[in-house]
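Per-entry structural report
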Amino acid sequence: MEPILQVSHLSVSLPGKNGPAPILKDISFSLKQGEILGLVGESGSGKSMTAFAVNQLLPGGGKSITGGSVLFAGEELTGKTEKQMQTFRGKDIAMIFQEPMTCLNPVFTVKRQMTDVIMIHEKRSRKEAEIQAADMLKKVHIRDPERTLSCYPYELSGGMRQRVMIAIALSCSPRLLIADEPTTALDVTVQAQIIFLLQEACQESGTGIIFISHDLGVVSQLCSRIAVMYAGTMAETGPASEVLKAPGHPYTKALLAAVPRFTSGGVRDRLYAIPGMVPDPSEIQRGCLFAPRCPHAMDICRTEHPPIQNLGNQHQVSCFLEKGVSRGDGIS
Amino acid sequence: MTAFLEIKDLTKTFTLKGFFGKKTDVHALNGISLSVEKGESLGIVGESGCGKSTLANLMVRLEEPTSGDILLDGISIAHKKEKELRKLRSRIQIVFQDPYSSLSPRMTVEQILTEPMQVMGQYTSRERTERASELLELVGMRSSSLRKYPHEFSGGQRQRISIARALTTEPDILILDEPTSALDVSVQAQVLNLLTDIREKMKLTYLFISHNLAVVKYISDRTAVMYKGRIVEIGPSLSILTSPMHPYTKELLAAVPIVGKPFCPPRETAHETGGTDAERGCIYYDRCPIKDEKCRRERPVLEERQEDHEVSCWKL
Amino acid sequence: MMSLIKIWKILRHNTLTLLGAGLVILIVLMGLLSPLISPYDPNLMNIPARLQAPGWSHPFGTDEMGRDILTRVMYGARISITVGVSIVVIAAAVGCFFGSLSGYAGGKVDRGIMAVTDMVLSFPSMVLALALTAALGPGLFNTMLAVCIVRIPLYVRLMRGQVLALKEMQYVKASRTFGAGPVWVVARHIVPNCLTPLLVQMTLGVGDAILIASSMSFIGLGAQPPMPEWGAMISTARTYAIDQWWYAAFPGLFILMTVMGFNLLGDGIRDILDPRSVKN
Amino acid sequence: MFSFQFIWKRLVHLILVFLGVSIVTFSISHVIPGDPARMLVGPHATQETLEATRIQLGLDQPVLVQYEKYMTDLAHGNLGTSIRTQRPVSSELARSFPATLELTLAAMLMAIVFGVILGVAAAVHRDRWIDHASRIISLIGVSTPLFWSGIIALIVFYKMIPIFPASGRLDTFLSPPPDITGMYIIDGLLAGDMDVVLSAIHHLLLPAFCLAYVQMAIVARQVRSSMIDVLEQDYIRTAKSCGIPRHMLIYRYALKNALLPTVTVTGLTIGELLGGAIITETIFAWPGMGKYVMDSISFLDFPAIMGFTLVVSFSYVLINMAVDILYSFLNPQIREVDES
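Residues numbered from 1 in each chain as written. Chains lettered and ligands numbered in written order. Predicted model: local features only at pLDDT ≥ 70, side-chain atom pairs only at ≥ 80, totals over all residues. Heavy atoms only, no water.

1. With respect to the overall build of chain B
Helix and strand content of chain B: 10 helices and 12 strands. The C-alpha radius of gyration of chain B comes to 21 Å, within 12% of the 20 Å expected for a compact globule of 316 residues. With respect to the three principal axes, the spread of C-alpha positions in chain B is 70 × 50 × 45 Å. Residues counted as buried form 56% of the 316 residues belonging to chain B. Taking the intrachain contacts of chain B between residues at least 6 apart in sequence as the baseline, contacts between residues at least 24 apart amount to 62%. Accessible area for chain B stands at about 12,800 Å²; split by element, carbon and sulfur atoms hold 53% of it. Charge separation in chain B, taken as the distance between the mean sites of 44 positive and 43 negative side-chain charges, equals 3 Å. (Helix = DSSP H or I, 4+ residues; strand = E, 2+ residues; numbered from the N terminus. Rg over C-alpha atoms; globule rule 2.2 N^0.38 Å. Buried < 20%, exposed > 50% of the residue type's maximum accessible area, 1.4 Å probe, protein only. Contact = heavy atoms within 4.5 Å. Areas by Shrake-Rupley, 256 points an atom, 1.4 Å probe, with all protein chains shown as cover. Lys, Arg positive; Asp, Glu negative; His and termini not counted. Charge placed at Lys NZ, Arg CZ, Asp CG, Glu CD.)

In structure tokens, the structure reads:
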């Protein structure tokens, strides 16, 4: 099935203090219809910026994209003007954000904010839009849609606001939903409900979802494919089961070892801590960016840029190690 | 024999002044009783709003409890006046959650680390600087950063400076109020390992507060689960995590996403909780899948069901 | 704290702040050196040369008593700057004391101080200053006192807001956990972090104080003639304003330049020392 | 819409503020001056009138009794008699109040309308020429002394390019319209006499603009900074990600949030306008309360000055109350907090 989103060799630089600072270098990944791709990485890895590059909400606007292409259902987005992008946003590409407390307009009711979006994209009357809005709220399991519609955002709890935001995003049945860490600010129990909602939306209406998170646990439960980013570059992409069980890139392996788990291991044993610090993506550095922290770093890693290796079943790794990092090595 | 740190029926109620003198009481803590041995690490886990941060503030007396008592090595610190409290304060210190607001932006690292000793009037100024650079090395940072300002450091490094500051007064107990929640996974691992090493080296007692169950397992021997200002279950960390008894603990563990664990959709009844709880009956009544008539009428009390594993629920 | 080169490096590329600083320095120098550089004596009357248009001998022309307007404007600069600065310094000192007291103490003290502040603020600043000066008796000193009282609430509110915000910061709570008393906390943590907003408010405040003080002189309650105060000069110039345009134009122009200088400088300081701008 | 509690709380607050104002004016007129009676009767009054005032004020009695006397007078609307004109201050103020009201309202309208337009334009076209132009206009506005701008306006628009009249509210050959509100434009409209209306507007434009210019600059700076803040908020980014077009984002989603803080600034603006009216009315010979108080200053007519202070402050407090209600009407969160 032809992927609805094909990003190849995307590079982005933002207007910085002394000239444009590169923050994304040669990012490639694709997303099929009805598939959930997990975009994983630590803060500063550029995962949110990748999302903003797709629907062009980058601070510098369209001109921040300095290279590569973003194909949405065969159509090239990078060249689009702001006006053209407006027809895509909300209709074909929807987005939800991390901070539920500030993501809705405080001086408008939920009804007003939902009907505005529907009326713009689907040329409906306000009455029809209200019905569709109430119907959307039911879909996201809000118990009393009528009352919620007439509420102001400050009257709703964090979890409720996140559901309203999902309802708004899905109200025009978009083909792609970008979720920028939607559950990070929520409690564990509420987070599980939001994950359930996203899974439901994906299965029922076939919406492709890019799920951005720094929490490997959430990603492993929700996503069928995973892309791991490090300091503005794509370290590894592949099916979730493979990336989690047989990670090809040393960074992914180290990240998995650093995640505290409570199923295995005794109390008070030590977590594997990756030495050193994440480099600032805007610094120009030769060779593989993970080299200074990588236990397998070879001389070539410090000089050459690592190629993309294919490990089969669309599992790709950008690393010099033959067939990626082997199983038995320094990282427990 | 009383334990090293004894918390007796601690309660904290905030009164919100409505108009016309109409007061609404919010019970942040509702009769918390805990005892911690010297050198032990007790984990406290709960969702936001369960009162765990209020407990942290009470332990270091940033606020005074409404009732109940806190005994540090037999000495009550709950209701002491500021003057008598001063000597005891050096024995109990805190590390806050937010790396970006726990260090003063206008002070160098040296000033930050020497401030506690200055306030307490310990050591000469030369000794203080020496001790500051010693502690910096202890937390894995170069003593050359003494002259730098907080904005020149990453989140993980700032937490290390906060830990160093808490150690300057040679405390017996460290209150850790979600010290790694704002950090990335790899940085969190570094800070957790550091805390474990320091605890062994300096024989410290920890009160580790977090909303992340998995993190608590790595650092605490025993764990208490809090819900709406009360302790619903307390026991050895491993048995709490592998064989939980209270329905709320089970709901929490089911919801925590673990790498490789299949996702089980949440029960429909788990809806938004909020507002004040019912006066009588179990506080978890409205979300409990196994509730019955007795739960509605009587409030369960913490009882020991297994070896050193207490839970407050009628249905077990 | 911040080395001079660093300040100069930042100053260099926001020109508006430089312009502001330049204007202020120019006016201050003019005021200080007026006895040396002024061509005439400010009160030297020369009736035959009265109401002369600007020319070589009198670059700013002469007033109805033949006095040289340029000289009087220079001496006026000295008065206005001292008036503006002293009002702001006193108002800020008193305001910061009560503001931090009310912010830190809270409870009844806070409510009491806020009640008084609100009472003063329920008057338009010009009207209250006028009433106070009328009661105290016209004169420059009484005007300064009145304007100072009118401006104190600004600093009380600014300082109270800062203290309330900073009190919640974790590093202030941390210092309390190792036994730091209120005095130590205010001195070591709250004051250093209030300096930037306070400095900005005071710089803008000088311009604003000059405006109100000169308005008071204009309506006859501030400086009394023959004092070369800008407001008083324009007040007497009013009757001749239409025909002898220069009599009112030049003193007013200098008020505008002085106040603009302080405003530009104030905005510039806010941008330079603002934590956000320091970071990037 | 407005619960009982919401209105009750506002009323109590209003009474408290009135009390506060009266305490301040009482202390200014009775406590601060050395000999309050002498201040009230003026230097040329005879000894008996001085003694009579002293007893009438109850200066020998404790302060509280004096305050009680002061408040009873106030309740009866008795603001004392003017030294200059020997007529009750309250009637003279009543006569000149509509003129000041007309001037201040016109100036407020100009300040708010132009201020918001300038502010929004500057924020929307940030760092482009519109932004720089409006910031320069605002900077000049904030730094201009009110009395100087009035005189300069007269020189330029009366002497050099004579398109505006220099004084008065109406052309001399026209008779003022029937006194309904006392505001010539409205009364003229009500009476249907267009010449009066046009002439009144013609006389009002220049003084109103000079009075409004400073406040317009303040409003513009406020609107610009709050608009820039709002445009960077998360909910604007969410709306943008839903495909809301740019003009709707700015003029519906952002504007309402940005104007909320401006509403509170409006309250302050009116206060400054009332204060500034003293100067502008004097320069343009506008027969309002400002000119009345200006004339009484040269005589040090203390009762008149204190009467003016009271009237202006009370109307300022009332207008602030209206602004406060408007603010909670616009911002649902404040209304909710008040009713809980």
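2. Section: the pattern of salt bridges
Evaluated as defined, the whole model comprises 43 salt bridges over all chains. The closest approach of N and O atoms between Lys80(A) and Glu75(A), which form a salt bridge, is 3.0 Å. Salt bridges linked by common partners bring Arg112(A), Asp116(A), Arg126(A) and Arg252(D) together as one network. (Salt bridge = Lys/Arg side-chain N within 4 Å of Asp/Glu carboxyl O.)

3. Brief notes about the sheet that holds strand S3 (residues 36-40) of chain A
Across a sheet, strands are paired by hydrogen bonds formed along the backbone, either parallel or antiparallel in direction. Residues and elements named next belong to chain A. A sheet is described by the order of its strands in space; here 8 strands give the open sequence S6-S7-S8-S3-S9-S10-S12-S11, paired in mixed fashion. Each edge of the open sheet carries a strand with a single partner, namely strand S6 (93-96) and strand S11 (308-310). When strand polarity is set aside, the average angle formed by the axes of neighbouring strands in this sheet is 20 degrees. The pairing of strand S9 (residues 225-230) with strand S10 (residues 233-239) spans 6 bridges and is classified as antiparallel. In the strand pairing of S10, Ala-227 is matched with Thr-237. Here helix H6 (residues 158-170) sits on the sheet in contact with S6 and strand S7 (176-180), set at roughly 175 degrees to S6. (Pairing = 2+ DSSP bridges. Axes fitted to C-alpha atoms, helices over the stretch in contact; angles between N-to-C directions.)

4. Side note on helix H1 (residues 47-54) of chain A
All names here are of chain A. By the criterion of burial, H1 is predominantly enclosed, with 6 of the 8 residues buried. Every buried residue of H1 is accounted for by Lys-47, Thr-50, Ala-51, Phe-52, Ala-53 and Val-54. Backbone geometry just downstream of H1 places Gln-56 in the positive-phi region, at approximately 50 degrees.

5. Notes on a positive patch on the surface
A cluster of basic residues, Lys17(B), Lys23(B), Lys108(C) and Arg111(C), forms a positive patch at the surface. You can see Lys23(B) is positioned in strand S2 (residues 23-36). (Patch = residues over 30% accessible without salt bridge, like charges linked within 9 Å, V, L, I, M, F, W, Y side chains within 5 Å.)

6. Re the packing of helix H4 (residues 107-121) of chain C against helix H6 (residues 140-167) of chain C
Residue and element names in this part refer to chain C. Contact pair H4 / H6: the axes reach a minimum separation of 9 Å and the direction vectors enclose 140 degrees. Considered as vectors, H4 and H6 are oriented oblique to each other. Both H4 and H6 take part in a crossing whose hand is left-handed. In contact with Asp-110, Ile-113, Met-114, Thr-117, Asp-118, Val-120 and Leu-121 of H4, H6 contributes Ile-149, Val-150, Pro-153, Val-156, Arg-157 and Arg-160. Across the contact of H4 with H6, the residue classes tally to 8 nonpolar, 1 polar and 4 charged. (Parallel < 35°, antiparallel > 145°, perpendicular 65-115°, else oblique. Left-handed = near helix turned anticlockwise from the far one by under 90°. Nonpolar A, V, L, I, M, F, W, Y, C, P; charged D, E, K, R; others polar.)

7. Describing the environment of Gly206(A)
Residues and elements named next belong to chain A. For Gly-206, the position within the fold is in the loop between helix H7 (188-205) and strand S8 (208-213). The spacing of Gly-206 and Arg-112 is 94 residues in sequence and 27 Å in space, taken between C-alpha atoms. Apart from residues no more than four positions distant in its own chain, Gly-206 is found in contact with Gln-33, Gly-34 and Ala-201.

8. Some details on unusual backbone geometry
Cis rather than trans, the peptide bond between Pro225(C) and Pro226(C) has omega equal to 0 degrees. Residue placement: Pro226(C) occurs in the loop between helix H8 (182-218) and helix H9 (230-237). Located in the positive-phi region is Lys203(B), a residue other than glycine, with phi close to 50 degrees. Judged by its relative accessible area of 59%, Lys203(B) is exposed.

Keep in mind these numbers describe shape, not what the thing actually does.
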